Amino acid sequence: MNEIRTHTATVVRVDQLTPRMIRVTFSVPDYAGTGHADEWVPIFFGEPGDHRQRRNYTARAIRPDAGEVDVDFVVHEHGLAVDWVRSATPGQQLQWWDQIGGSYGPPADTDWRLVVGDIAALPAIGRIVEELPAGERATVVAEVFDEADRQEWVTAGDVDVRWLHGSGEGRAPSRLEEAVRTFPEPDGQGYIWMAGETRTVRATRRYLRHERRLAGERYSLTGYWLTNADDWAARFEPIAAEMEAIWTRGEAEGRDLEEIIDEYDTALDRAGL
Ligand SMILES: Cc1cc2nc3c(=O)[nH]c(=O)nc-3n(C[C@H](O)[C@H](O)[C@H](O)COP(=O)(O)OP(=O)(O)OC[C@H]3O[C@@H](n4cnc5c(N)ncnc54)[C@H](O)[C@@H]3O)c2cc1C
């Protein structure tokens, strides 16, 4: 196993934010953020370096002076991370891999933003909204199971939040792709950020790139989780090497990232994934 660098994160507080969301405040004294509003941390729930037991979570709030980072966990039915958070108590420790990521980055000439996601995306959406400066415009479409999942955010920006209830979350088909397709785009340059169930996100990316023909810098879409993840992983396993080769070959050839993603997604579609 390659040597990897981690930060030790110690649980300070555990709060029930809404019926389906638990906030854990960690003490991570050496944590340095990326500056991306949707920045995420790969967390090991088993041995550091065992990527089968790693899950990604958003750094919902960072308080460098206190050395604290909040992470909001969706309480879905079962899973390594969710089982851990159900019984999390102060003093417990996890290892955070130092490979922090982030993708939210509207180009400087952006006039409006469309920010779309499901309940797992609420931590990132909350940060995007809260960090929006005065004069910047965003429409948020957030899909949650019912009204109790709603959150409120304070922002200097000009933000319109629309909640969708009763769809998505793996229990009913998501309406997020439809929300993007039917969004009445304002004049000027836009930027679309989306995160949520991976197949929904993939279908929406296909629309934006191949039907709407947006340039790659005008959107940033990230698949956060998969319905029936175990079944998906079992069917992915036999083609894992072939899929990895798509990335290595594409990068070695210096191809455009969006083209590589096209090839990758087509291969997933072919495999029924
Ligand atoms: C960049 C990034 C940032 C993320 N940020 C957050 C965050 O801040 N908060 C957060 O809660 N999640 C976030 N996620 C999603 C989170 O990593 C996944 O939901 C993860 O699969 C949860 O791990 P688990 O061990 O609990 O479940 P797993 O062991 O991965 O899955 C077990 C079962 O639960 C199902 N499942 C997994 N996630 C969900 C879900 N959200 N809703 C319904 N069913 C689910 C799977 O289909 C599977 O059948 C983020 C993901 C990414 C990629």
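Residues numbered from 1 in each chain as written. Predicted model: local features only at pLDDT ≥ 70, side-chain atom pairs only at ≥ 80, totals over all residues. Heavy atoms only, no water.

Side note on the domain arrangement of the chain
When its domains are assigned, the chain resolves into domain 1 (6-97), domain 2 (112-227) and domain 3 (229-273). Taken residue by residue, the interface counts ten residues in domain 2 and ten residues in domain 3. Carbon and sulfur atoms supply 38% of the area that domain 2 and domain 3 bury against each other, a total of about 910 Å² over both sides. Ranking the residues of domain 2 by area buried against domain 3 places Arg202, Arg205 and Leu226 at the top, with a combined share of 56%. Seen at the junction of domain 2 and domain 3, the total is six salt bridges. Seen at the junction of domain 2 and domain 3, the total is nine residue pairs in polar contact (both at pLDDT 80 or more). If one sorts the elements of the side of domain 2 that touches domain 3 by residue count, helix 4 (residues 198-211) sits on top with six residues. Among the residues forming the side of domain 2 that touches domain 3, the class breakdown is two nonpolar, three polar and five charged. (Domains from an automatic or database assignment. Contact = heavy atoms within 4.5 Å. Buried area = accessible area lost by both parts, 1.4 Å probe. Salt bridge = Lys/Arg side-chain N within 4 Å of Asp/Glu carboxyl O. Polar contact = N/O pair within 3.5 Å; in protein donor to acceptor, adjacent residues only side chain to side chain. Helix = DSSP H or I, 4+ residues; strand = E, 2+ residues; numbered from the N terminus. Nonpolar A, V, L, I, M, F, W, Y, C, P; charged D, E, K, R; others polar.)

Examining the nonpolar core
Nonpolar side chains in soluble globular proteins tend to end up buried together. Counting 24 residues, the largest nonpolar core has Val24, Phe26, Tyr31, Phe45, Phe73, Trp84 and Trp96 as its most contacted members. Ranked by residue count, the leading element in this core is helix 1 (residues 80-86), at four residues. Ignoring any residue separated from it by four or fewer positions in sequence, one finds tryptophan 84 in contact with Val11, Val24, Phe26, Phe45, Phe73, Gln92 and Leu94. (Core = buried A, V, L, I, M, F, W, Y, C linked by side-chain atoms within 4.5 Å. Buried < 20%, exposed > 50% of the residue type's maximum accessible area, 1.4 Å probe, protein only.)

Regarding the site of the ligand
Neighbouring residues of the ligand: 24 residues in total, closest Asn56, Val74, His76, Ala81 and Leu226. Within the side chain of arginine 55, one N or O atom sits 2.8 Å away from an oxygen atom of the ligand. Within the complex, 89% of the 910 Å² of free accessible area of the ligand lies under protein. Listing elements by their share of the shell around the ligand, those giving two or more residues are strand 4 (54-58), strand 6 (68-74), helix 1 and strand 12 (219-225). With four residues, strand 4 is the largest single contributor of residues to the shell around the ligand. Grouping the constituent residues of the shell around the ligand by class yields 13 nonpolar, eight polar and three charged. Two domains share the shell around the ligand, each providing at least three of its residues, namely domain 1 (6-97) and domain 2 (112-227). (Near = heavy atom within 4 Å. Areas by Shrake-Rupley, 256 points an atom, 1.4 Å probe, with all protein chains shown as cover.)

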